[in-house]
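What follows is each chain in one-letter form.
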Amino acid sequence: MIDQCSDDLREDLAAVRSEDASVGAPPTVEAAIIDGFRAARLSGAMQSAPRRICSTLAIAAVTAAIVGGLAYGQRHTQRPRMPRPTDQRERFVLLPGATLDASTDEQIVIEITVPRTVLMSLGLAPSGSQSQVASQVMVGQDGIARAIRVLRSE
Amino acid sequence: MTSLLAPSDDALLRDAACGDEPAFSMLYARHQPAIYRFAVRLTGSEAAAADVTQDVFLALIARRLSFDRRKGDLAMYLLGVARQIVRRRFRRESRHVQLSDLPQPETRDPAQKRDRDPIQLAIVTQHERVLLMRRAILSLPLRYREVVVLCHLHGLTYAQAAAVIGCRIGTVRSRTHRALRLLENKLRPFDRTVPVDIRRPGGCLA
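Residues numbered from 1 in each chain as written. Chains lettered and ligands numbered in written order. Predicted model: local features only at pLDDT ≥ 70, side-chain atom pairs only at ≥ 80, totals over all residues. Heavy atoms only, no water.

**Topic: the packing of aromatic side chains**
Residue and element names in this part refer to chain B.
Right, so step 1: Enumeration over the complete set of coordinates arrives at three aromatic pairs over all chains.
Right, so step 2: Where Y28 meets F57, the ring centres are 4.9 Å apart and the plane angle is 70°; that geometry is what we call edge-to-face. Here Y28 is found in helix α2 (residues 21-43), whereas its partner F57 is found in helix α3 (residues 46-62), with 29 residues between them in sequence. F57 shares its class with Y28; the two are buried. (Phe/Tyr/Trp six-rings, centres within 6.5 Å; stacked < 30°, edge-to-face > 60°. Helix = DSSP H or I, 4+ residues; strand = E, 2+ residues; numbered from the N terminus. Buried < 20%, exposed > 50% of the residue type's maximum accessible area, 1.4 Å probe, protein only.)

Following this line, the structure appears as structure tokens:
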């Protein structure tokens, strides 16, 4: 009885597998992913090979300079610590076609979650892999969004 | 570097990481069907599966098209990411979609079936069995559902499924055994007598 059931089960599973063989993601998914790929490429997340080699050399040079500088600093005076560079996530990015005139337009900031693909299409590369990213949007008195910044990954 | 037949995943990843869009598109076309099917069978929703597929490849982009090769090849890695995303979705969603129970055998009307054309009846019954099986798989607890989908719908070995799930092979084997027993119990009320009879030459349907 169990063997007979196993045969039936195997046959039904094979039927499901057969019907699923031609199933694939809808074209809208590919479009969104290709948009994300292009955005990552534009934001510098991906580089051409020669540029990557150059940047590797540049990083090595900068690292050597920093190490040398630290060694020099330890031998001489205590140098003040440099402020950390501003994180990309902390800056507002102007939305396409928007203008920001602080003297005439009073802005309000609202917090929303934005699809990752939208952020990537704007050139932002939020960390993490969540589909929704908490962000702040700067909105003018006319209700039109002016700028956006990523708050954090959920 | 690139094969004349089909470039390897590694070659495509390397090219895509340098910004080569056709290479990335080829990589996507090669792996998205498996990811999407896996997600559909785990979630039971085509919309959710589309989201999961999108998240999987965006995660790969966010990692600059690199992955931990100790966890297997790219296909295994992507399935593992899809599994994690699905599990995260299940945890995050406060309102789960309630999977309806399997239909009761009494709801079937054999008398009505007898009035149909036998060939048409065979096709419909086969399709019904596929639907029943899909619903039965969806009604399994997630830990059993994923091993059935990986090993019996995607054709992965126990070792490959273990790499995707991140557990021991013995765990996959025992879960698969348990999952198949559960499926048998769920599908036992829906016997196969009608399709078997009509396949037999001169089979009596009346």
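Here the narrative resumes, following the displayed structure.
**So, the environment of L95 of chain A**
Residue and element names in this part refer to chain A.
Right, so step 1: With respect to the secondary-structure elements, L95 resides in the loop between β1 (93-94) and β2 (108-115).
Right, so step 2: Taking the relative accessible area as the measure of exposure, L95 reaches 17% and is therefore buried.
Right, so step 3: Placed 43 residues apart in sequence, L95 and M138 show a C-alpha to C-alpha distance of 9.6 Å.
Right, so step 4: Residues contacting L95, with those up to four places away along its chain left out, are L122, A145, R146, A147 and I148. (Contact = heavy atoms within 4.5 Å.)

**With respect to the confidence of the model for chain A**
All names here are of chain A.
Right, so step 1: Scored by pLDDT, chain A comes out at a mean of 70, with 60% of its residues at no less than 70.
Right, so step 2: Ranking the helices and strands of chain A by mean pLDDT puts helix α2 (residues 27-42) first, with 87, and helix α3 (residues 49-75) last, with 57.
Right, so step 3: In the predicted structure, residues 1-5 sits below a pLDDT of 50 and forms four contacts with residues beyond four places in sequence or in another chain.
Right, so step 4: Confidence drops under a pLDDT of 50 for residues 78-89, and excluding neighbours within four residues, the segment shows nine contacts in the predicted structure. (pLDDT = per-residue confidence, 0-100.)

**With respect to the interface of chain B and chain A**
Right, so step 1: Each partner contributes residues to the interface: chain B has 44 residues there, and chain A has 41 residues.
Right, so step 2: Carbon and sulfur atoms make up 62% of the surface buried where chain B meets chain A, a total of about 3,800 Å² over both sides.
Right, so step 3: Linking chain B with chain A are six salt bridges.
Right, so step 4: Salt-bridge contacts for E19 of chain A lead to R134 of chain B; the nearest nitrogen and oxygen are separated by 3.5 Å.
Right, so step 5: Taken together, the connections running from chain B to chain A amount to 11 residue pairs in polar contact (both at pLDDT 80 or more).
Right, so step 6: When contributions to the side of chain B that touches chain A are tallied by element, the ones reaching two or more residues are α1 (9-17), α2, α3, α6 (118-138), α7 (142-153) and α9 (169-187) of chain B.
Right, so step 7: Split by residue class, the side of chain B that touches chain A holds 22 nonpolar, eight polar and 14 charged. (Buried area = accessible area lost by both parts, 1.4 Å probe. Salt bridge = Lys/Arg side-chain N within 4 Å of Asp/Glu carboxyl O. Polar contact = N/O pair within 3.5 Å; in protein donor to acceptor, adjacent residues only side chain to side chain. Nonpolar A, V, L, I, M, F, W, Y, C, P; charged D, E, K, R; others polar.)

**Examining the environment of M133 of chain B**
Right, so step 1: Here M133 of chain B shows up in helix α6.
Right, so step 2: A relative accessible area of 0% places M133 of chain B in the buried class.

**Details of the pattern of salt bridges**
Right, so step 1: Evaluated as defined, the whole model comprises 12 salt bridges over all chains.
Right, so step 2: One salt bridge in this structure joins R41 of chain A and E21 of chain B, with 3.4 Å as the shortest N-O distance. On the criterion of chain membership, the pair formed by R41 of chain A in helix α2 and E21 of chain B in helix α2 is interchain, its members lying in two chains.
Right, so step 3: You can call R41 of chain A partly exposed: its relative accessible area is 31%.
Right, so step 4: On the basis of relative accessible area, E21 of chain B is assigned to the buried category, the value being 17%.

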